[in-house]
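Next come the chains, spelled out residue by residue.
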Amino acid sequence: MTTAPTPVPAHASAAQSGGGAPGPATPAGTADAAKATTATAANATAPTTTTSGAKAAKAPRPGKARTSRGRAWLAALPLLLFFLVGFGLPAVAIAIGAFTTSSDAPDGGGTFTTDNLTNSLQGAYWTALWGSVRLSLLTALIATVVGLPLAQAVATSRFRMFREAVMSASGVLANFGGVPLAFMFVATLGNAGEVTKRFGLTSHGWSLYTFSGLSVVYLYFLVPLMVITVTPALEGLRTQWREAAYNNGATVVQYWRHVALPVLVPSLLGGFVLLFGASFAAYATAEAMVGSSVPLISMQIGDALSGNVLVGQGNLALALGLDMIVVACLVMAVYLPLQRRSAKWLA
């Protein structure tokens, strides 16, 4: 009796022989083929999954973002410490001394009082404070009006040498002050100055040692400072704005009135504040040239610190300094909101 041979699955036969034609399909063979197809599809999609995982790994994590901000604060720590030591501690000392009696007072000093602040706003001290504010407002306004067209000429100039020469000269002149500046003007526009004698300015009522003469001296370094300050803002005006205005029929005056100046107002005000502060705090030039003939708050503080005050009022100079700080803070309170508005246009 002959026994029929047992059928062998195709995949098993192929595995044993190393190849060959596939045998008849069986349920087991179909299941294995499905598994192989699934594995192949999984392998095909594996690189995409790996790439996506790599991209996801590169995304910043919240912890790393906090670490970056912490490192930024550490980098700014030296500047913050310098500000605290150079500005914070003196401001606190001025505020404390302005409301306490001086060490040479009859009670020994250190007692709380408001007499220093009250006296700083009366009599000659109030006249000096108002004189400084008036001089600073006038000179800062004139320097802003004169410096704007000069800065525009620099910003729109096609000659690189002209631009570099003007900016370099402005940087030097903006930091030129003190006794050398006073001597230069005394030698040229003083009562016996060369320009005064040549053109007979004295007969026309000119005098360098007055409020008007001091204003001219301050403009010597305020105008270059304004050029340096406002030139970057003028460079931030986009050419497309001017072209769009001209294409719509606007004139040069209309462009500046309705487009350029509204955008530049915060920057111009910022420059005005900077010029105001430079003029308000100037001391050496006025002291060397006019002395006490022009009442200024900086002159009064100098006299108070040198001991030229009444007995028991040594801290009056600190009260005068506190008045200057308050004036500066009021001016900055107007400038900061407008500066945020200008930043989004000139960014």
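For the structure given in this document, a descriptive report is provided here.

Definitions and limits used
Residues numbered from 1 in each chain as written. Predicted model: local features only at pLDDT ≥ 70, side-chain atom pairs only at ≥ 80, totals over all residues. Heavy atoms only, no water. Helix = DSSP H or I, 4+ residues; strand = E, 2+ residues; numbered from the N terminus. Buried < 20%, exposed > 50% of the residue type's maximum accessible area, 1.4 Å probe, protein only. Contact = heavy atoms within 4.5 Å. Expected span 1.5 Å × (residues − 1). Bend = angle between axes of the 7 residues up to and from the residue. Axes fitted to C-alpha atoms, helices over the stretch in contact; angles between N-to-C directions. Parallel < 35°, antiparallel > 145°, perpendicular 65-115°, else oblique. Left-handed = near helix turned anticlockwise from the far one by under 90°. Nonpolar A, V, L, I, M, F, W, Y, C, P; charged D, E, K, R; others polar. Core = buried A, V, L, I, M, F, W, Y, C linked by side-chain atoms within 4.5 Å. Polar contact = N/O pair within 3.5 Å; in protein donor to acceptor, adjacent residues only side chain to side chain. Salt bridge = Lys/Arg side-chain N within 4 Å of Asp/Glu carboxyl O. Patch = residues over 30% accessible without salt bridge, like charges linked within 9 Å, V, L, I, M, F, W, Y side chains within 5 Å. Areas by Shrake-Rupley, 256 points an atom, 1.4 Å probe, with all protein chains shown as cover.

Looking at the overall build of the protein chain
For step 1, the next point in the chain: Helix and strand counts for the protein chain stand at 14 helices and 0 strands.
For step 2, the next point in the chain: When its helices and strands are written in sequence order, the protein chain yields α-α-α-α-α-α-α-α-α-α-α-α-α-α.
For step 3, the next point in the chain: Here the protein chain, with 347 residues, has 29% of them falling under the buried criterion.
For step 4, the next point in the chain: Within the protein chain, counting contacts between residues at least 6 apart in sequence, those at least 24 apart form 69% of the total.

Let's talk about helix α9 (residues 211-235)
For step 1, the next point in the chain: When the terminal C-alpha atoms of α9 are compared, their 35 Å separation across 25 residues agrees well with the 36 Å that a helix rising 1.5 Å per residue should span.
For step 2, the next point in the chain: A maximum bend of about 35° is found in α9 at L219.

Details of the packing of helix α7 (residues 179-189) against α9
For step 1, the next point in the chain: Two elements in contact, α7 and α9, have axes separated by 11 Å at closest approach and are oriented at 125°. Relative to α9, the element α7 lies oblique. When the axes of α7 and α9 are compared, the crossing they make is right-handed. Across the interface between the two elements, L181, M184 and F185 of α7 pack against V216, V217, Y220 and F221 of α9.
For step 2, the next point in the chain: In terms of residue class, the contact of α7 with α9 is built from 7 nonpolar, no polar and no charged.

A word on the nonpolar core
Side chains of nonpolar character tend, in soluble globular proteins, to be buried together.
For step 1, the next point in the chain: One finds L214, Y218, L237, F280 and L296 to be the most contacted residues of the largest nonpolar core, which totals 54 residues.
For step 2, the next point in the chain: Looking at this core, the elements with two or more residues in it are α5 (123-155), α7, α9, α10 (239-247), α11 (252-281), α12 (284-289), α13 (297-305) and α14 (316-346).
For step 3, the next point in the chain: Element by element, the count of residues in this core is highest for α9, at 13 residues.
For step 4, the next point in the chain: If near-sequence neighbours (up to four positions away) are discounted, Y218 is found in contact with L135, T139, S279, A282, T285, A286 and L296.

Observations regarding the environment of N175
For step 1, the next point in the chain: Relative to the elements of secondary structure, N175 occurs in the loop between α6 (160-174) and α7.
For step 2, the next point in the chain: Assessed through its relative accessible area of 68%, N175 is described here as exposed.
For step 3, the next point in the chain: Sequence separation of N175 and L222 is 47 residues, and the distance between their C-alpha atoms is 9.3 Å.
For step 4, the next point in the chain: Of the polar contacts made by the side chain of N175, one reaches the backbone oxygen of G171; its length is 2.7 Å.

Remarks on the pattern of salt bridges
For step 1, the next point in the chain: Inspection of the entire model under this criterion finds 2 salt bridges.
For step 2, the next point in the chain: When the shortest N-O distance is used, the salt bridge between R160 and E164 registers 2.8 Å. With R160 and E164 both in helix α6 and 4 residues apart, the pair spans about one turn of that helix.
For step 3, the next point in the chain: Under the relative-accessibility criterion, R160 is labelled exposed at 64%.
For step 4, the next point in the chain: Here E164 falls in the partly exposed class, since its relative accessible area comes to 37%.
For step 5, the next point in the chain: For E235, the salt bridge goes to R163, with nearest N and O atoms at 2.1 Å.

Considerations on a nonpolar patch on the surface
For step 1, the next point in the chain: On the surface, W73, L74, L77, L80, L81, L84, V85 and L89 cluster together to form a nonpolar patch covering roughly 830 Å² of accessible area.
For step 2, the next point in the chain: As for its position among the elements, W73 is in helix α3 (residues 62-98).
For step 3, the next point in the chain: Taking the relative accessible area as the measure of exposure, W73 reaches 59% and is therefore exposed.

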